[in-house]
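Below are the chains, spelled out letter by letter.
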Amino acid sequence: MKIIKTKDYEHMSRVTANLLSAQVIMKPDCVLGLATGSTPVGVYKQLVQWFQKGDLDFSEVTSVNLDEYKGLSPENDQSYRYFMNHNLFDHINIRKDHTFVPNGLEPDAEKACDDYNKIIHDLGGIDLQLLGLGNNGHIGFNEPSSSFEKETHCVDLTQSTIDANARFFSSLSEVPRQAYTMGIQTIMQAKKIIVAVSGQGKASIVKEAFFGPITPQVPASVLQLHSDVTVVGDEAALSMLPH
Ligand code: GLP
């Protein structure tokens, strides 16, 4: 595991965007695994800027997102499809029909998950997966549990995740209680993984995930077993790591 220490959120965003850009430049028809949450917003902003300058071309890129709230439509401004359109896809030349997010409106969980697994299999897997890190160590919406879930599945969100994500909704009761998420095995099969972390609030979970025991109780800890993981963090998020 490589750890890149950056000064602050802006610097972390630029470094992460550089790593994603390198992938797109080296393999223009790559499959990017993308993430939502507040952490990657700056990364996407930077990619849009470089695209607008003419330095990046996404015309052959395909993307698969990690997760989506069950029950939210693409037009709902809290859905992850909306987030991706708004923060990235609407501003670059990626083909919209080459961008995939689990279908939050599919009420049949088994069908939603099977369909998404098929999309990822048909693409031949993910070249580079970008991840954020939940306060409880979740990646995508793989919540702490007694086992590592393999492929796309429907999760009951934990109270800690519901509380953490409530800041984006007008009230706690509006936060969906379930989500569809890519599984741990699918994430682990990505050729490269980048984990972006920022802020003091993440410092202790960063330490636990990357320097603690590997356990499904801290889903991100499994990343210690991947051969090409880069953690890009600002000083605050990395402040509890051993030197
Ligand atoms: C959500 C997403 C995760 C994300 C996490 C952290 O729960 N499903 O993919 O990594 O939030 O979000 P933030 O970056 O806002 O701390």
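What you see is a predicted model, and the numbers here were worked out from it, not measured in a lab.

(A) Up close: the overall build of the protein chain. When its secondary structure is counted, the protein chain shows seven helices and ten strands. For the protein chain, whose C-alpha radius of gyration is 17 Å, the value lies close to the compact-globule estimate of 18 Å for 243 residues. A total of 243 residues make up the protein chain; the buried ones form 53% of that total. Residue pairs in contact within the protein chain that sit at least 24 positions apart in sequence constitute 79% of those at least 6 positions apart. Per element, the accessible surface of the protein chain, about 10800 Å² overall, is 51% carbon and sulfur. Averaging the locations of the 20 positively and 29 negatively charged side chains of the protein chain gives two centres separated by 6 Å.

(B) Main features of the side chain of T161. The residue T161 is located in helix α5 (residues 159-165) in this model. A distance of 2.7 Å separates polar atoms of two side chains, one belonging to T161 and the other to E143. Not counting residues within four places of it along the chain, the set of residues in contact with T161 comprises N136, H138, F141 and E143.

(C) Expanded view of the environment of F100. Among the structural elements, F100 can be located in strand β5 (residues 99-100). We classify F100 as partly exposed; its relative accessible area is 23%. Distance from F100 to I184, taken between C-alpha atoms, is 18 Å for residues 84 residues apart in sequence. Among residues more than four places away in sequence, those in contact with F100 are T62, S63, V64, N65, R81, Y116, I119 and L123.

(D) The packing of aromatic side chains, seen in detail. Tallying each qualifying case throughout the model produces six aromatic pairs. Seen from their ring centres, Y69 and F169 are 5.7 Å apart, and the 80° between their planes marks the pair as edge-to-face. One end of the pair, Y69, is in strand β4 (residues 67-69); the other, F169, is in the loop between α5 and β8 (178-181), and 100 residues separate them in sequence. Like F169, Y69 is buried. Ring-pair connections join several aromatic residues into one group, and the members of that group are Y69, Y80, F141 and F169.

(E) Spotlight on helix α1 (residues 9-26). Taking 1.5 Å of rise per residue, 18 residues should cover 26 Å, and α1 covers 26 Å from first to last C-alpha, within 8% of that figure. Where α1 is concerned, the buried positions are M12, S13, V15, T16, A17, L20, S21, Q23 and V24. Looking at the buried residues of α1, the elements they touch are β1 (2-6), β2 (31-34), α2 (41-52), β6 (128-131), β9 (192-197) and β10 (229-234).

(F) A look at the site of the ligand. Around the ligand, the surrounding shell holds 14 residues, and the nearest of these are S38, T39, D67, H138 and K202. Measuring from an oxygen atom of the ligand, one finds a side-chain N or O atom of H138 at 2.9 Å. Taking G140, its main chain carries an N or O atom lying 3.2 Å from a nitrogen atom of the ligand. Within the complex, the protein chains bury 94% of what would otherwise be the 390 Å² of accessible surface of the ligand.

(G) Fine view of the state of the cysteines. Evaluated as defined, the whole model comprises zero disulfides. Its sulfur unpaired, C113 is 6.1 Å from the next cysteine sulfur, which belongs to C154.

(H) Layout of the sheet that holds strand β7 (residues 153-156). On the basis of which strands lie adjacent, the open sheet formed by three strands has the order β4-β8-β7 and antiparallel pairing. Edge positions in the open sheet fall to β4 and β7, since each of these has one partner strand only. With strand direction ignored, the average angle separating the axes of adjacent strands in the sheet is 25°. Pairing of β4 with β8, which is carried by three bridges, proceeds in the antiparallel orientation. Its bridge partner lying in β8, Y69 is registered against A179.

(I) Region of the structure containing the sheet that holds β6. On the basis of which strands lie adjacent, the open sheet formed by seven strands has the order β1-β10-β9-β6-β2-β3-β5 and parallel pairing. Sheet topology places β1 and β5 at the edges, where each strand pairs with a single neighbour. Here β9 pairs with β10 via five bridges, running parallel. Bridge assignment links I194 to a residue of β10, and that residue is T230.

(J) Spotlight on a nonpolar patch on the surface. Together, M1, I3 and F211 give the surface a local cluster of nonpolar side chains, amounting to about 280 Å² of exposed area. For I3, the position within the fold is in strand β1.

Rules of the game
Residues numbered from 1 in each chain as written. Predicted model: local features only at pLDDT ≥ 70, side-chain atom pairs only at ≥ 80, totals over all residues. Heavy atoms only, no water. Helix = DSSP H or I, 4+ residues; strand = E, 2+ residues; numbered from the N terminus. Rg over C-alpha atoms; globule rule 2.2 N^0.38 Å. Buried < 20%, exposed > 50% of the residue type's maximum accessible area, 1.4 Å probe, protein only. Contact = heavy atoms within 4.5 Å. Areas by Shrake-Rupley, 256 points an atom, 1.4 Å probe, with all protein chains shown as cover. Lys, Arg positive; Asp, Glu negative; His and termini not counted. Charge placed at Lys NZ, Arg CZ, Asp CG, Glu CD. Polar contact = N/O pair within 3.5 Å; in protein donor to acceptor, adjacent residues only side chain to side chain. Phe/Tyr/Trp six-rings, centres within 6.5 Å; stacked < 30°, edge-to-face > 60°. Expected span 1.5 Å × (residues − 1). Near = heavy atom within 4 Å. Disulfide = S-S within 2.5 Å. Pairing = 2+ DSSP bridges. Axes fitted to C-alpha atoms, helices over the stretch in contact; angles between N-to-C directions. Patch = residues over 30% accessible without salt bridge, like charges linked within 9 Å, V, L, I, M, F, W, Y side chains within 5 Å. Salt bridge = Lys/Arg side-chain N within 4 Å of Asp/Glu carboxyl O.

On their own, these measurements won't tell you what the molecule is for.
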